[in-house]
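# Descriptive structure summary
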2 protein chains.
Amino acid sequence: MTSLDPQAPREDIRLRGFSRRVPVEQALAWVDAHAPRLGAEPIGAGEAAGRVPAAPVEAAADLPPVDRAAEDGYALRSSETVGAGAYNPLRFGLQEGGAPLPLASAALVAAGAALPEGADAVLPFGAAQLEGSVLEVVGAVAAGAGVERRGRELRAGTAIIGSARPLRAADLGMLAVLGVEHLDVVRRPRVRLVIAGPKRPGRLAGAPGDAAGPELRALVARDGGVVESVVPGVEGRSAISAAMVAPGADVVLVAGRAGAGPDDEAPLALAEAGRLAIHGLALRPGGSAGLGLVGSLPVVLLPGDPLACLCAYEIVCGRLLRRLGGRDPGLPHAVREAEVGRKLVSAVGFLDVCQVRLDGGLAEQIGSVQDGGLASAVRADGFVLIPPSLEGHAPGARVTVHLY
Amino acid sequence: MTSLDPQAPREDIRLRGFSRRVPVEQALAWVDAHAPRLGAEPIGAGEAAGRVPAAPVEAAADLPPVDRAAEDGYALRSSETVGAGAYNPLRFGLQEGGAPLPLASAALVAAGAALPEGADAVLPFGAAQLEGSVLEVVGAVAAGAGVERRGRELRAGTAIIGSARPLRAADLGMLAVLGVEHLDVVRRPRVRLVIAGPKRPGRLAGAPGDAAGPELRALVARDGGVVESVVPGVEGRSAISAAMVAPGADVVLVAGRAGAGPDDEAPLALAEAGRLAIHGLALRPGGSAGLGLVGSLPVVLLPGDPLACLCAYEIVCGRLLRRLGGRDPGLPHAVREAEVGRKLVSAVGFLDVCQVRLDGGLAEQIGSVQDGGLASAVRADGFVLIPPSLEGHAPGARVTVHLY
């Protein structure tokens, strides 16, 4: 139990606040140690978009499997075109595509068709003129021109599609080209969303907490997870614990009741159900987030405040899902370098998530980190991470913007 | 009919090749003129992730609707804390949260709760100590501290969520906060995929064409479209025409049979069914792409070769889908600036799509633009666009990589 563990957070920080905050890097190291890549499941290639292969996909045969035409044209023997020109048209008989090519003959071929036996080049249409069944060749062609050699694109046995990223359009085309109809992919993390609260007495419609469910559904989908269930309006320590321990999920996210308020029982619920490993991060917003285990099941505590929930998910929790699903654990956002407009204000000692708008190449802060509210993230083009060692960025500084 | 239209491409380029190629900008201008944003449809907020609002979403009321606690703590009158300190603790009676606050009293409040009448600040837990029902305040607090004023985040009537981009996690949270349960979104483009060929005599298993369907399904989904139907193995002019004109789609993509080979009947089919506006682009790979209309229905002809199909979709066709769906028409890829490693080779007169791998900040070409094959796109981290005026980029040049 946590009380015997000197590394574990104090059991009850309610009405006191965090006496010590855990650096975000330490939380990420915990994530990396407790989120092993999930096992594999078979899937049809037609359903595999966005899934991560469990193992690299190898080419079973050379691609192309034989020498073939790289373009539409006339397949022929290049040596027979030597000397051909506009003033010296050479005459070839026109053959059907499939059969071996007799001497002094050419065959009409479409790109991708096997080269007829005997041919070693494809003459473009512009270098010949068809007169009935006779082809007048008015340009010479080198051996191999217009031909895609066997194995040129891919040799049999090559691991062409890796297992470190989701399959994208080109990969799906390649699976079809390789004749792969089924493959093993990493299982998608099954994510339980436990919404602690939010409708308690004294809260208002539109109060923090109502937003976490919709936010987390979208973020979980982005990171390749599948929502196993949503458990709404969970209130009280034993109910939160019960929602954590029910089987069926690969990870449990508890949104709300993570802070230092009188009814913030999520950390206590996790400590009772299993182990609260980390609670209270040097992160703004989102600092009341926590991490722990029920058996080997990772549980993430997220703030109920909509912006804090979003930030804690982005900075810590998303990495856990991406690791479970075999994806790149790093932040998934596109990045853009930008120059700071007005000063970006931050607090020493915290990793600040600063919502910014890009305005003609300048990054302009929207609201303040402390209380910009969810509207700041809605209005933002992205966010800038300001490390704990800094109290902000001066105008003109170069920063990396993570784009939404 | 096209034969009367001097602007239309020549009717039959088969066995001749393209005598004139249309600059890609001209094709994009055609797309912009023929892809109006689709109409609206109602949707539940829970299903709205990734959808584009048909109109901006306004806040119906101030957010927050009343002054409320911005953090957990004790709500009180700031004027009564003047002079409080560690050596001068001031004593306050502790009240229930909801009722108006008597003088010399404080009320325990959770973040998001309405401030009790009379209170104008929230004291953090660290500045007070609870002794039974008496609160000893050991720090002064300014008026407004720890309080989120009514309307601070958002004023009633503000258009907080725009209609120019898909809804993301923060937007979905905001819809919940605003109490929006239904909204109108732009209809998703219904896309028909007509796969012309690919199993014709003389083609091999794994020949170009087999890959286009899976590629296009993934790309259409990425760009917010929904596949209305896939019509596979369509062969011959009248069958391709028939697949174009059947009702039910907002756009028809025909993959394959777009080039200058003997059986490349897709351009002729489009000219017969409607109007072939553009055929043959100054684009590599993907130059056999075409554009046209059947009535007001846009039809895109795409090459059957897997890499050419991918490139023609990315550079021209995706923009059409994004416009129909109300999205940003520009390329959707994240970009990164990089330095050219070995020379990027290109052809003057063509917009070249050059597959590159990023290797320690250097962009290295994979295969050649002309015949790298689909494997080059599978292996690539992204692509570099080399404009028609250049024959490549020298080592050390700065280029923009569009990341897959």
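Coordinates for the structure precede this section.
This structure is a prediction, so every number in the text was calculated from the model and none was measured.

Next up on the list: the interface of chain A and chain B. Contacts between the two partners involve 66 residues from chain A and, on the opposite side, 66 residues from chain B. Applying the counting rule to chain A against chain B returns zero salt bridges. Elements with a minimum of two residues in the side of chain A that touches chain B: strand S11 (159-161), helix H2 (169-178), helix H3 (212-222), helix H6 (306-324) and helix H7 (374-379) of chain A. For the side of chain A that touches chain B, the class distribution of residues is 41 nonpolar, ten polar and 15 charged.

This part is about H2(A). By the criterion of burial, H2(A) is predominantly enclosed, with nine of the ten residues buried. The complete set of buried residues in H2(A) reads Ala169(A), Ala170(A), Asp171(A), Leu172(A), Gly173(A), Met174(A), Leu175(A), Val177(A) and Leu178(A). In this structure, the buried side of H2(A) is in contact with strand S2 (57-58), S11 and strand S12 (182-186) of chain A together with helix H3 (212-222), helix H6 (306-324) and helix H7 (374-379) of chain B. Just downstream of H2(A) lies Gly179(A), where phi reads positive at about 75°.

Before going further, it helps to examine the state of the cysteines. Residues and elements named next belong to chain B. Under the criterion given, the structure shown has zero disulfides over all chains. Here cysteine 309 is not cross-linked by a disulfide; its sulfur's nearest cysteine counterpart is in cysteine 317, at 8.4 Å. Residue cysteine 309 is classed as buried on the basis of its relative accessible area, which comes to 0%. Take cysteine 317: its relative accessible area is 1%, and that puts it in the buried class.

Turning to the sheet that holds strand S9 (residues 134-137) of chain B, a few remarks are in order. Residue and element names in this part refer to chain B. Taken together, the six strands give an open sheet; going across it, the order is S7-S4-S6-S5-S9-S8, and neighbouring strands pair in mixed fashion. If you trace the sheet from one side to the other, it starts and ends with strand S7 (121-123) and strand S8 (128-131), each paired once. Neighbouring strand axes in the sheet, compared pairwise and without regard to direction, differ in orientation by 40° on average. Pairing between strand S4 (residues 73-76) and strand S6 (residues 105-109): three bridges, direction antiparallel. Considered in S6, the bridge of glycine 73 is made with valine 109.

This part covers the pairing of strand S26 (residues 398-403) of chain A. When a strand is regular, its side chains alternate between the sheet's two faces. Residues and elements named next belong to chain A. Bridge count for strand S20 (residues 335-340) against S26 is five bridges, and the pairing is antiparallel. Residue glutamate 337 lies in a different strand from S26, and its bridge partner there is threonine 400. Sheet analysis places strand S24 (residues 382-386) next to S26, joined by two bridges and oriented antiparallel. When the bridges of S26 are listed, phenylalanine 383 appears paired with histidine 402.

What follows concerns the sheet that holds strand S14 (residues 226-234) of chain B. Residues and elements named next belong to chain B. With respect to topology, six strands assemble into an open sheet ordered S14-S13-S15-S19-S18-S16, the strand pairing being mixed. Of all strands in the sheet, those with a lone pairing partner are S14 and strand S16 (275-279), marking the two edges. Across the sheet, the mean angle from the axis of one strand to that of its neighbour is 20°, orientation sign disregarded. Direction of pairing for strand S13 (residues 190-196) relative to strand S15 (residues 251-255): parallel, over a ladder of five bridges. Pairing of leucine 193 across the sheet is with leucine 253, part of S15. Along the sheet, H3 makes contact with S13, S14, S15 and strand S19 (297-302), crossing S13 at roughly 165°.

With that settled, consider the relation of the copies chain A and chain B. Between chain A and chain B, the superposition needs a rotation of 180° and an axial shift of 0.0 Å, giving an RMSD of 0.1 Å. Taken together, the rotation angle and the small translation identify this as a two-fold axis. When C-alpha positions in chain A are compared against the rotation axis, the closest is assigned to Ala334(A), at 2.6 Å. Most of the interface of chain A is mirrored in chain B: 98% of its interface residues are interface residues there too.

Definitions and limits used
Residues numbered from 1 in each chain as written. Chains lettered and ligands numbered in written order. Predicted model: local features only at pLDDT ≥ 70, side-chain atom pairs only at ≥ 80, totals over all residues. Heavy atoms only, no water. Contact = heavy atoms within 4.5 Å. Salt bridge = Lys/Arg side-chain N within 4 Å of Asp/Glu carboxyl O. Helix = DSSP H or I, 4+ residues; strand = E, 2+ residues; numbered from the N terminus. Nonpolar A, V, L, I, M, F, W, Y, C, P; charged D, E, K, R; others polar. Buried < 20%, exposed > 50% of the residue type's maximum accessible area, 1.4 Å probe, protein only. Disulfide = S-S within 2.5 Å. Pairing = 2+ DSSP bridges. Axes fitted to C-alpha atoms, helices over the stretch in contact; angles between N-to-C directions. Least-squares fit on C-alpha atoms with pLDDT ≥ 70 in both.

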